[in-house]
Amino acid sequence: MLTLPEEHRRLFKEPFGILYRELDEIIPHLTHRTVFTVGDVVTHNIHKKGIIPAVAVVDGYTMRSPCSKMPTVSGECIRVNNPAGSLTDSLIEAINHAVAHPPVTIIVEGEEDLAVIPMVIAAPLGSIVLYGQPHEGVVLREVTPEAQATARQFLERFTRSRI
C-alpha cells in the first residue's frame, strides 16, 4: 500500500488540471473523448448529461458525508478497500483492469480521492479524467505524456507500507 505522508498532503489541494465552476462548461470538451471519473457527485452528474464514463471510481461519500447522489453503476463492478490518504495495490490493479476492460465502476470502501493519480497514469493519451474539487467545481485533466509524468512524480511522494 502507498501512503501519502502528512507533509505532502498540501500538494494535493490544488487542482491537477483545469478547474471549472460548472459541469456544463466541460461538456463541449468531451465530444469524441473517452471519459474517466473519480468521485460520486461528478460521476452522478456526468451520467445525468448522458455520458457514461469508461471507468468511474466512487465511494458513496462526498466531502466525508454519505452521498445522496449515488451514480448508476455501468458495466462490471469491482469492489476494493482503500483507506484515506492511501492508494492500495488493489485499487491500482482495479484501475488498470478497468481501463483495459471498460465500462467498469470501481466502488471503494474507504476513500477514492487519490485515485485520480493512478487513473491519469493508466488512461490512454487524449482521454479525459474528471474529478470534483470540493466547494470549487470540477477538474478536467486531459491525459498527456506531461500529465502522466506529473502523476508519476506525485506517486514518488508516497511511502510504501505493508498491510
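Rules and cut-offs
- Residues numbered from 1 in each chain as written.
- Predicted model: local features only at pLDDT ≥ 70, side-chain atom pairs only at ≥ 80, totals over all residues.
- Heavy atoms only, no water.
- Buried < 20%, exposed > 50% of the residue type's maximum accessible area, 1.4 Å probe, protein only.
- Helix = DSSP H or I, 4+ residues; strand = E, 2+ residues; numbered from the N terminus.
- Pairing = 2+ DSSP bridges.
- Axes fitted to C-alpha atoms, helices over the stretch in contact; angles between N-to-C directions.
- Contact = heavy atoms within 4.5 Å.

Remarks on the pairing of strand 9 (residues 104-110)
Where burial is concerned, most of strand 9 is hidden: 5 out of the 7 residues are buried. The sheet contact formed by strand 4 (residues 55-58) and strand 9 spans 4 bridges and is parallel. The residue of strand 9 that forms the bridge with Ala-56 is Thr-105. Across 7 bridges, the pairing between strand 7 (residues 76-82) and strand 9 is parallel. Across the sheet, residue Ile-78 finds its bridge partner in strand 9, namely Ile-106.

Considering the sheet that holds strand 3 (residues 35-38)
Strands sit in the order 2-11-10-3-4-9-7 across an open sheet of 7 strands; the sheet is mixed. Looking at the sheet topology across the chains shown, the edges are occupied by strand 2 (18-20) and strand 7. Sheet twist, expressed as the average angle between the axes of neighbouring strands with direction ignored, equals 20 degrees. Bridge analysis of strand 3 against strand 10 (residues 128-133) gives 4 bridges, and the strand direction is parallel. In the strand pairing of strand 10, Val-35 is matched with Ile-128. Here helix 2 (residues 89-100) sits on the sheet in contact with strand 3, strand 4, strand 7 and strand 9, set at roughly 160 degrees to strand 7.

Details of unusual backbone geometry
For the peptide bond that leads from Pro-102 to Pro-103, omega is -5 degrees, which places it in the cis range. Mapped onto the elements of the fold, Pro-103 is located in the loop between helix 2 and strand 9. A positive phi angle, close to 60 degrees, is found at His-32, a residue other than glycine. Tracing the backbone through its elements, the reader meets His-32 in the loop between strand 2 and strand 3. With phi around 65 degrees, His-135 is a residue other than glycine that occupies positive phi space. For His-135, the position within the fold is in the loop between strand 10 and strand 11 (137-142). A residue is classified by how much of its surface remains accessible, and His-135, at 73% relative accessible area, is exposed.

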